[in-house]
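Summary of the model geometry
Each chain, written out:
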Amino acid sequence: MNNPASFPRDFVWGAATSAYQIEGSPLADGAGISNWHHFTHLQNGKILNDDTGDKACDHFHRFPEDVAHMQTMGLKAYRLSLAWSRIMPEGRGPINSKGLDFYKRLLDQLNRAGIVPYVTLHHWDMPLAIDHLGGWAHRDSAHWFSDYAAATLTQLGDRVTHWATFNEPWVIVHAGYIEGAHPPGISDVLKARDAAHNLLRGHGLAVQAFRAEGRGQMGIVINLEPKYKGSERPEDLAATARMDAWMNRQFLDPLFLGHDPLELEEIHGAGLPPYPEADYVLIQEPIDYLGINYYSRSVVRDAPGLAPFHADRIPQETAPHTDMDWEIYPDGLKHCLLWVKERYGDIPLYITENGAAFDDGAPIDERVRDPRRIDYLRSHLLAAREAMAAGVDLRGYFAWSLLDNFEWAYGYAKRFGLIHVDYDTQTRTLKDSALFYREVIDSDGQALWR
Ligand code: FCB
């Protein structure tokens, strides 16, 4: 940390993926049907081009090659998620040992390669059977999840030391229960309220299970998008606070402060029955680290007609954007790291996702020139380093994503990978950004300043 133009020697340089987005073969070896398998096969117009995760990157078969690419890139760590439906096909009940074996092979391969696995228990794909019972809106879902978590921690605990309960519970709630763009595909603010609360309870129970039988570290991954006021008008300030509460504080306040943000009442309606106090004690079960996913920011204004948030994003037309139409705003990363430290204290942090979708075309002479992705990585890593210089305890960074992959409602149309995937032939090509990232890793970050 003494050299302001480098990162600490033990900084964890990684890349991230998730199960449904890359694995393919979703029903292999006795796996159950997942909510995402079901949702994509409804072909209901909610997924671009009716794409599915049936093949994805065929990582299920090609993981040895993918781990070899990680080694070439010099990755110290790899963040992946487990498909609950491979491990417990019905969501509850007996373990499917063949499903688990896939993860044992993958984790062994990573450990042999000296790449530390950071494993997320739930990154959005869950057994459909659980969804049919009521999904996250059902109070028992917290127990279904923690039973799965406890069994998995026991089975894989000799291979994994770095765990996370959930990836981005906000997206599960917002895209699944408000927008209806993800499973279960509904729009119901009250169910969204219960889902958010039950996800947090499930997290607390899983942390307790981990303390009882796990070793290493347990955390959670939260996506943050700093909200900036559109003007000084009181209505815009209130709208900004509301969106900040909904997206950024809805999960962090209960986790670290033991209560829900007050502004949520403006969204759900005041006067709803409170949840039991004991729930908030459970949710505050101490964790070892917080994972932050950061992509963009938004500037907010009041929008009285737009239920349930009555707020809107002000487009930043002159600013650069990625193919997701997300504004590129590296300072937002610094701001949210500093904000987390200030509001919640000195919890060890990782950036568990950060990256950009750009279509850079097919490889030419086995090369993909993606200078915009390199700029994105560089500017965000420099912003993160500034936050560290200001005292933020940032331990590592995971680029999203290792591979181009199935980008949920956008199907295969958006390419976030450091590695290009030709979906017809499954050929992998390291993009220039992957080679740049290797230099960054090799030089403890110094290549960022060159
Ligand atoms: C995050 C998700 C990840 C990927 C990126 C682009 O919200 O966690 O799976 O879709 O966005």
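The structure we're discussing is the one just above.
Residues numbered from 1 in each chain as written. Predicted model: local features only at pLDDT ≥ 70, side-chain atom pairs only at ≥ 80, totals over all residues. Heavy atoms only, no water.

1. Remarks on the side chain of Asn223
Position of Asn223 relative to the elements: it lies in strand β5 (residues 217-224). Assessed through its relative accessible area of 8%, Asn223 is described here as buried. If we ignore the near neighbours within four places in the chain, the residues touching Asn223 are Glu168, Trp170, Val171, Met247, Asn248 and Asn293. (Helix = DSSP H or I, 4+ residues; strand = E, 2+ residues; numbered from the N terminus. Buried < 20%, exposed > 50% of the residue type's maximum accessible area, 1.4 Å probe, protein only. Contact = heavy atoms within 4.5 Å.)

2. A look at the packing of aromatic side chains
Per the counting criterion, the structure on display carries 37 aromatic pairs. Between Trp13 and Tyr437 the ring centres are 6.1 Å apart and the planes differ by 80°, which places this aromatic pair in the edge-to-face class. With Trp13 in strand β1 (residues 12-16) and Tyr437 in helix α15 (residues 432-442), the pair connects residues that are 424 residues apart, well separated along the chain. With relative accessibility at 1%, the residue Trp13 sits in the buried group. A relative accessible area of 0% means that Tyr437 is categorised as buried. Put simply, the rings of Tyr20, Trp36, Phe39, Trp124, Phe406, Trp408, Tyr412 and Tyr423 touch in pairs and so form one group of aromatic residues. (Phe/Tyr/Trp six-rings, centres within 6.5 Å; stacked < 30°, edge-to-face > 60°.)

3. Quick look at the layout of surface pockets
Approximately 1,300 Å³ is the volume attributed to the largest pocket. Listed by contribution, the elements that provide at least two residues to the lining of the largest pocket are α8 (169-177), β5, α10 (234-257), β8 (298-302) and β9 (311-313). The dominant element in the lining of the largest pocket, judged by the number of residues it contributes, is α8, at four residues. Of the residues belonging to the lining of the largest pocket, the class tally is 26 nonpolar, 11 polar and 12 charged. For the second largest pocket, the calculated volume is near 420 Å³. (1 Å grid on protein atoms, 1.4 Å probe; cavity = no way out; pocket = protein on both sides within 12 Å on 5 of 7 lines; lining within 4 Å. Points joined across faces, edges and corners; volume = space filled by probe spheres on them. Nonpolar A, V, L, I, M, F, W, Y, C, P; charged D, E, K, R; others polar.)

4. Considering the site of the ligand
Taken together, Gln21, His123, Trp124, Asn167, Glu168, Tyr295, Glu353, Trp400, Glu407, Trp408 and Phe416 form the complete shell of residues around the ligand. In the environment of the ligand, an oxygen atom lies 3.0 Å from a nitrogen or oxygen atom belonging to the side chain of Glu353. A distance of 3.0 Å separates an oxygen atom of the ligand from a polar atom in the side chain of Trp408. Coverage of the ligand by the protein chains reaches 95% of its 290 Å² of free accessible surface. Its atoms largely coinciding with the cavity grid, the ligand occupies the largest pocket. The class makeup of the residues in the shell around the ligand is five nonpolar, three polar and three charged. (Near = heavy atom within 4 Å. Polar contact = N/O pair within 3.5 Å; in protein donor to acceptor, adjacent residues only side chain to side chain. Areas by Shrake-Rupley, 256 points an atom, 1.4 Å probe, with all protein chains shown as cover. Sits in = over half its atoms within 2 Å of the grid points.)

5. Describing the side chain of Gln426
Topologically, Gln426 is positioned in the loop between β12 (419-422) and β13 (427-430). What makes Gln426 buried here is its relative accessible area of 7%. In terms of polar contacts, Gln426 uses its side chain to reach the backbone carbonyl oxygen of Ala56, at 2.9 Å. One polar contact links Gln426 to Arg428, side chain to side chain, over a distance of 2.8 Å. Among residues more than four places away in sequence, those in contact with Gln426 are Lys55, Ala56, Cys57, Asp58, Arg62 and Val421.

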